[in-house]
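An overview of the molecular structure
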Amino acid sequence: MSGRISASRASAARTAQQAKAARDAERLRRERQVESALTDFYEQTGRAEHLRASASARAAKIVADAETTAKEPERLAKLAVARLQDLGEPRDQIAELTGLTLAEVRAVLAEAAGSRKPQADEQSAAAAAPVAAQVGAAADSGSAGPGEATKG
């Protein structure tokens, strides 16, 4: 009987080994799937972060370029506010007409007055020439200032 037990035991051991090998193979297949999914996750997360960083850098450059480009129109807008005052418009009316607050109008006019101060160097004279030309052009256009008669 002991021979029969050992043959039966050997058969059971082979069956157990086959079951364990199948289970190990399934576990290995699943671990490879988990590794593949995690690789995809980290790869795509890295790509998304790179895309965001790249877009953020491009957006920052666009905004910086726009800020640089906007300086000249802003300067001309401030000159226009100063021209309104030169034409005799009161500050509250300038604020109402432009949509600026009274404080903003005051700040613009103070800045314009500061930039209009006469200086000895040629650069400031050259910078003041466009202002004088703009004011002169407004006067020549037939627009009458307060208390002036129009040409006719």
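Just above sits the structure.
Residues numbered from 1 in each chain as written. Predicted model: local features only at pLDDT ≥ 70, side-chain atom pairs only at ≥ 80, totals over all residues. Heavy atoms only, no water.

**Regarding the overall build of the protein chain**
The helix and strand inventory of the protein chain stands at four helices and zero strands. From first element to last, N terminus to C terminus, the protein chain shows the α and β order α-α-α-α. Out of the 152 residues in the protein chain, the part that is buried amounts to 8%. Considering only intrachain contacts with a sequence separation of at least 6, the fraction spanning at least 24 residues in the protein chain is 46%. Summed over its atoms, the accessible surface of the protein chain is roughly 12000 Å², and 58% of this surface lies on carbon and sulfur atoms. (Helix = DSSP H or I, 4+ residues; strand = E, 2+ residues; numbered from the N terminus. Buried < 20%, exposed > 50% of the residue type's maximum accessible area, 1.4 Å probe, protein only. Contact = heavy atoms within 4.5 Å. Areas by Shrake-Rupley, 256 points an atom, 1.4 Å probe, with all protein chains shown as cover.)

**Description of a nonpolar patch on the surface**
Together, V34, L38, F41 and Y42 make up a nonpolar patch on the protein surface, roughly 410 Å² of accessible area in all. Classification of F41 as partly exposed rests on a relative accessible area of 47%. (Patch = residues over 30% accessible without salt bridge, like charges linked within 9 Å, V, L, I, M, F, W, Y side chains within 5 Å. Salt bridge = Lys/Arg side-chain N within 4 Å of Asp/Glu carboxyl O.)

**Quick notes on the packing of aromatic side chains**
Under the criterion given, the structure shown has one aromatic pair. Between F41 and Y42, the aromatic rings sit 5.1 Å apart at their centres with planes inclined by 75 degrees, giving edge-to-face as the arrangement. Using a relative accessible area of 57% as the deciding quantity, one classes Y42 as exposed. (Phe/Tyr/Trp six-rings, centres within 6.5 Å; stacked < 30°, edge-to-face > 60°.)

**A word on the nonpolar core**
The biggest cluster of nonpolar side chains holds eight residues, and these are V81, A82, I94, A95, V105, V108, L109 and A112. Those elements giving two or more residues to this core turn out to be α1 (2–86), α2 (91–98) and α3 (102–116). Setting aside residues no more than four positions away along its own chain, L109 makes contact with V81, A82, Q85 and R91. (Core = buried A, V, L, I, M, F, W, Y, C linked by side-chain atoms within 4.5 Å.)

**Let's talk about the pattern of salt bridges**
A full pass over the atoms with the stated rule returns five salt bridges. Its salt-bridge partner being K61, residue D65 comes within 3.0 Å of it at the nearest N-O pair. You can see D65 and its partner K61 sitting in helix α1, four residues apart, about one turn around the helix. Of the residues examined, D65 reaches a relative accessible area of 38% and is grouped as partly exposed. The residue K78 makes a salt bridge to E111 at a minimum N-O spacing of 3.1 Å. Taken together, the residues K78 in helix α1 and E111 in helix α3 connect sequence positions 33 residues apart.

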